[in-house]
Every structure is written in C-alpha cells, then in structure tokens.
Amino acid sequence: MSVTLDNALLESEEHRTLRSCVAALGRRYGREYFTAAVRAGRQTDELWREAAKLGYLGVNLPEQYGGGGGGMTELSIVLEELGATGCPLLLLVVSPAICGTVIARFGTEAQRAHWLPGLADGSVRMAFGITEPDAGSNSHRITTTARRDGDDWLLSGRKVFISGVDIADATLIVGRTEDARTGKLKPCLFIVPRETAGFEFRPIPMELAAPEKQFQLFLDDVRLPADALVGDEDAGLLQLFAGLNPERIMTAAFSLGMGRYALDTAVEYARTRQVWQAPIGAHQAIAHPLAQVRIELELAQLMMRKAAFLYDNGDDMGAGEAANMAKYAAAEAGAHAVDQAVHTLGGNGLTTEYGLASLLTASRVGRIAPVSREMILNFVSHHTLGLPKSY
Ligand SMILES: Cc1cc2nc3c(=O)[nH]c(=O)nc-3n(C[C@H](O)[C@H](O)[C@H](O)COP(=O)(O)OP(=O)(O)OC[C@H]3O[C@@H](n4cnc5c(N)ncnc54)[C@H](O)[C@@H]3O)c2cc1C
C-alpha cells in the first residue's frame, strides 16, 4: 500500500487525476531506473522527455506558450509525485518554477516567445544562479556586477552550488548593476546561454547521489546583448521574489516526495520483516515514529498546498510567508522520514539494495537550500513575530 496523502475532498478531481497520472509515470521508471542513472553518471533524460511529452514539465506555464496554464499547485504535484516514486526531477525546481515563472511574469514579449515554449515542452532547460561564495545566505552581499558597454552588458562575478548548469541551455543569473553595486540588494536578472564566451563552470565534488551536479561559475566580462536582461532593470527585486516563492514551494515538494518514498519503503519493510512472533511493525518503537512521520508529512503537504494556492491566486506576500513555512516543515519532515526509514530497515537501511542510505545526504539539501532552516526561522521571527534582528 502506497503512502499516498489522500485528499479526496480538499483537492479537485483534476488535481487528483494529475497526481495519479504522474505517480503512474514515476512508477513505470521507479527507483531502480533512477539509481542506475546516478551510478552510470548520466541524466534521467528518458523520464524527463516522457514527462515533457505528457505536458507535466510546463504545467505551470501559460497556455499561449505551450504550457498547461496551471500554477505552482500543479507543478508541485508533479514533483512531489515523481519524488514519491523515487524519481525526483530536481531541475523542475529551477527550470519551469523559477526561470519559467520569472520570464512569464516579467520577461519582455520577445523573451517570452524565445524561452517559454522550450521550457514548457522540456526541450530547453534553465539553471538559476544567485548563491555566491562570499555572500552565502546573505544575498544582499552578492557582488556579481553588470556594467553597460554600448547597448551590451558585461557581467562579471562568481557563483557557487549552482545546480544543473551542464545540462541547462542557459542560466538565469542574479547580479546587480554597476550603479547599485553596494548597499541593499537591487538585483537584476540576466539570461546567460551556456556557451557564452567568458562563462565558465566547474563541477563541485558533492556527497550526493543525484544525477544533477552542482557547479562553481566564473563570469569574466561575459558580453550579453541588451535583451539578456529580464524585464526591467528597476523591477529586479520584485522579479526575484516572484521566482523565490515558487522555488521554496518546489523545494517543499522535493522534500515531501522523498519523505513519502522513504516512509513507503519503511512501512512495507516493517509490515513484512519478522524476527520475533510478529512483524517488526507491530512493535510500537517502530510503528509510532513512522506514524509521527506520516503526520509530519501530511501537515507539511497542507502547508505547501496553502502556499501554492496563495501564490497561484496572486497573493505574493501571503505566499512568501507560507512558502517559507512550507519549505521548513517539508524539509524537516522529509529528513525525519529518511532517518526513521533507514533505522526501520536495520542493517538493510545501509545496503545498496534498499537504496535508502544515499537519501540521508539528499534529504539534508532541503534543510540547506535554497534558504537554510535558520534563515527561515529568522524570517518568521522578524516578519511574522515582529522580533528584532541580531544581524
Ligand atoms: C545541493 C545544493 C544545490 C543548490 N543549488 C543551488 C542553485 O541551483 N542555485 C543557487 O543559487 N544556489 C544553490 N544552492 C546554494 C544554497 O542556496 C546555499 O547553500 C544556501 O543558501 C546556504 O548558503 P551557504 O551554503 O553559503 O551557507 P552559509 O550562508 O555560509 O551558512 C552556513 C550556516 O550558517 C547559518 N547562518 C548563516 N547566517 C545566519 C544567520 N543570520 N542566523 C542564523 N544562522 C545563520 C546557515 O543557516 C547555515 O547553517 C544549492 C545548495 C546545495 C547544497
């Protein structure tokens, strides 16, 4: 029995159908397909292409550009359900969710026409780069700088931990213009195609069993045409936030899917593994923590759906708070689920055959990125509770 979070009355029939269709697709590939790809050092392109063909990858993008006309509610369902079958597609967090949203909402007509159809049908992938080595959690300190040169821009700086740059056709880079080089962040967003001269990327060796790699970026006077700047130079902060809420909602979906996959595996094992008179799942020391995990996942999923609902209905402020809370809750629930699942399987929790141990590191990602759990607690302390800042 799969640990599906069943919301027959809370969720529309359309959404439930989407869930079950995506889950069926994920099951056809399954965890073994995914881990085989990781071991072989290749991407899960077959799954990506099939999900694209079925319209799942661009489900949140406008119909006029080939998308599904939905929102984060639908896209988070896609990622959560794929993750729950052991096949999370990390690039959904950045490509259609952040980059697609930002371009759809703030791009010029030419940028929309150029990028959205490919993002919607999955033939184009885009990475997203904001994190810098010397700024980290403090985005106000980013120093990637764009200066004008005639009609062009010259972009220079360094980025770190940027996911999927090697498989992305372009990276959406967050920088600042020369005249806004210091002080509070006044960001501007540039689309940098992968092969642009002066744009260099190097993989960072990571202890993560995932097909997508993380990269350090070196931008050295990267010459970009005027229309590489997304939308308006002065609307950068608005654009950035429009992309960050989807990122948090999708990170929640990523953690939830992984947590559900781990819980599923553990429950199945606890139901059948017997070393005394009854299966180990009959011992409350095994059953209760799994029940607790289920409750935590269910609560986190509700919060994620609240965030997606607010976002899809145009409440960016409300969605900001809810998306932060959802990302926090889902990351904690996901990490707890994986930890408990590994423990439930005893020695098998660490075998390659069961494939759970590699999720121990993967499940930590939701606690660190795109914003750490501490920065969310800071946000809730300051923004929600009105407490003073220590920094
Ligand atoms: C697998 C993975 C994929 C990623 N993909 C991307 C990507 O595609 N694009 C991208 O731009 N970035 C990406 N990141 C980067 C990620 O967003 C950053 O790692 C994250 O924002 C934290 O920054 P940092 O690593 O520099 O940690 P730091 O900022 O150095 O923080 C280190 C620790 O200090 C704590 N800390 C810092 N400041 C405070 C404070 N004021 N109060 C309390 N605690 C504090 C943090 O919570 C953290 O625990 C990825 C990271 C990982 C691990």
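Conventions adopted
- Residues numbered from 1 in each chain as written.
- Predicted model: local features only at pLDDT ≥ 70, side-chain atom pairs only at ≥ 80, totals over all residues.
- Near = placed C-beta within 6 Å.
- Helix = DSSP H or I, 4+ residues; strand = E, 2+ residues; numbered from the N terminus.
- Domains from an automatic or database assignment.
- Buried ≥ 20, exposed ≤ 12 C-beta atoms within 10 Å, placed from the backbone.
- Contact = placed C-beta atoms within 7 Å.
- Axes fitted to C-alpha atoms, helices over the stretch in contact; angles between N-to-C directions.
- Parallel < 35°, antiparallel > 145°, perpendicular 65-115°, else oblique.
- Left-handed = near helix turned anticlockwise from the far one by under 90°.
- Nonpolar A, V, L, I, M, F, W, Y, C, P; charged D, E, K, R; others polar.
- Expected span 1.5 Å × (residues − 1).

Before going further, it helps to spend a moment on the site of the ligand. In the neighbourhood of the ligand, 22 residues make up the surrounding shell, with T131, G136, S137, S372 and E374 lying closest. Taken together, the elements giving at least two residues each to the shell around the ligand come down to β1 (126–129), β3 (152–163), α9 (358–368) and α10 (373–384). In terms of domain composition, the shell around the ligand takes at least three residues from each of domain 2 (127–231) and domain 3 (237–384).

This brings us to the environment of L92. Summarising the element assignment, L92 is placed in helix α4 (residues 91–106). Judged by local crowding, L92 falls into the buried class, with 28 C-beta atoms found within 10 Å. C-alpha of L92 to C-alpha of R125: the two residues are 33 residues apart in sequence and 9.1 Å apart in space. If near-sequence neighbours (up to four positions away) are discounted, L92 is found in contact with L57, L75, V78, L79, A97 and M250.

In contact at an axis separation of 7 Å, helix α3 (residues 72–84) and helix α6 (residues 236–272) are set at 30° when each is read in the N-to-C sense. Put simply, α3 runs roughly parallel to α6. In terms of crossing hand, the pair formed by α3 and α6 is right-handed. Here M72, L75, S76, L79, E80, E81, L82, G83 and A84 of α3 come into contact with α6, specifically with P246, I249, M250, A253, F254, L256, G257, M258, R260 and Y261. The residue inventory of the contact of α3 with α6, partitioned by class, reads 13 nonpolar, three polar and three charged.

Here the focus is helix α7 (residues 284–312). Along an α-helix, residues three or four apart share an orientation, since each turn contains 3.6 residues. Under the 1.5 Å per step criterion, the end-to-end length of α7 is 41 Å for 29 residues, consistent within 8% with the ideal 42 Å. The positive-phi residue at the C-terminal boundary of α7 is G314, with phi of around 85°.

Keep in mind these values describe shape, not function.
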